[in-house]
Amino acid sequence: MTREFIPSAEAGDLEAVKKLLQDGTDINAQDERGRTAVMSATYNHQTEMVQLLISQGADINIRDHQLNNVFLYAGAEGMLDILQLAIHAGADTKLTNRYGGTALIPASERGHVEVVRELLTRTDIDVNHINRLHWTALLEAVILGNGGGKHQQIVQLLIDHGADREITDAEGITPLQHAESKGYREIAAILERAGS
């Protein structure tokens, strides 16, 4: 049953998944990659399937072998709809990805403005969490972002929600110094206005 269950969830086959659950399939069974049905559905952006599985009691905090779970992956990939389902279901915001980062860090790096806003306003996520590269969401938005409008909005959001502008990278370089060295004048100006 489990062999059919996870691929059915991944494919978004609601009827097959409902039937398999009625037949007693373990909703939190994991495949050889450590993926549960709800995680496989998340990878394929099957929002209705994720909603169904959560409503049936799926554990959204289980991480697969890549250390992704529903909340972490939806945040990193900008899947606002699935992220909102995970938040509503009580996702553990303290769990980290394979880089030791929270969902906020890749969302900030990749320019997912609405996801960043959602995380900062609707969860208790730590805005100053430092990952294994010794980067915060603010550092990552500056270092790996492109300095454009989305990253400017994200830097402002992070600052508005208490991002510490003085936390440096492992070499002791501040977000402002990174912004200046990259020529991101608008981001440097936002940081300076905030008192960097």
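Residues numbered from 1 in each chain as written. Predicted model: local features only at pLDDT ≥ 70, side-chain atom pairs only at ≥ 80, totals over all residues. Heavy atoms only, no water.

For the coordinates displayed, the defined rule picks out one aromatic pair. For arginine 35, the ring lying beneath its charged end belongs to tyrosine 43, and the centroid distance is 3.7 Å. (Phe/Tyr/Trp six-rings, centres within 6.5 Å; stacked < 30°, edge-to-face > 60°. Lys NZ or Arg CZ within 6 Å of the ring centre and 35° of its normal.)

In this structure, the largest pocket spans a volume of roughly 250 Å³. Around the largest pocket, the lining is made up of 18 residues, and of these Ala76, Asn97, Tyr99, Pro106 and Arg110 lie nearest the centre. Looking at the lining of the largest pocket, the elements that each hand over two or more residues are α5 (70-77) and α7 (104-109). By residue class, the composition of the lining of the largest pocket is nine nonpolar, four polar and five charged. (1 Å grid on protein atoms, 1.4 Å probe; cavity = no way out; pocket = protein on both sides within 12 Å on 5 of 7 lines; lining within 4 Å. Points joined across faces, edges and corners; volume = space filled by probe spheres on them. Helix = DSSP H or I, 4+ residues; strand = E, 2+ residues; numbered from the N terminus. Nonpolar A, V, L, I, M, F, W, Y, C, P; charged D, E, K, R; others polar.)

Turning our attention to the packing of helix α2 (residues 14-22) against helix α4 (residues 47-55). Direction vectors running N to C along α2 and α4 enclose 15°, while the axes themselves pass 11 Å from each other. In this view, α2 runs roughly parallel relative to α4, as classed from their interaxial angle. In this structure, α2 crosses over α4, and the sense of that crossing is right-handed. Contacts between α2 and α4 pair Leu14, Val17, Lys18 and Leu21 from the former with Glu48, Met49, Leu52 and Leu53 from the latter. Of the residues belonging to the contact of α2 with α4, the class tally is six nonpolar, no polar and two charged. (Axes fitted to C-alpha atoms, helices over the stretch in contact; angles between N-to-C directions. Parallel < 35°, antiparallel > 145°, perpendicular 65-115°, else oblique. Left-handed = near helix turned anticlockwise from the far one by under 90°. Contact = heavy atoms within 4.5 Å.)

Turning next to the UniProt feature "repeat: ANK" (unreviewed entry) in the protein. Under the local residue numbering, the UniProt record ascribes the feature "repeat: ANK" (unreviewed entry) to residues 33-65. Note that residues 33-65 is 48% helix and 0% strand, and that its end C-alpha atoms are spaced 6 Å apart. (UniProt positions renumbered as here; feature names shortened; annotations may be inferred.)

As a further point, take the domain arrangement of the protein. Often the size quoted for an interface is simply the accessible area lost on bringing the parts together. Splitting the protein by domain gives domain 1 (1-67) and domain 2 (93-195). The partner domain 2 presents four residues to the four residues of domain 1 that form the contact. Buried surface at the junction of domain 1 and domain 2, summed over both partners, amounts to about 400 Å²; 48% is from carbon and sulfur atoms. It is Arg63, Gln66 and Leu67 in domain 1 that bury the most area against domain 2; as a group they hold 86% of the surface buried on that side. Between the two partners, domain 1 and domain 2, sit zero salt bridges. Connecting domain 1 to domain 2 are one residue pair in polar contact (both at pLDDT 80 or more). Grouping the constituent residues of the side of domain 1 that touches domain 2 by class yields one nonpolar, two polar and one charged. (Domains from an automatic or database assignment. Buried area = accessible area lost by both parts, 1.4 Å probe. Salt bridge = Lys/Arg side-chain N within 4 Å of Asp/Glu carboxyl O. Polar contact = N/O pair within 3.5 Å; in protein donor to acceptor, adjacent residues only side chain to side chain.)

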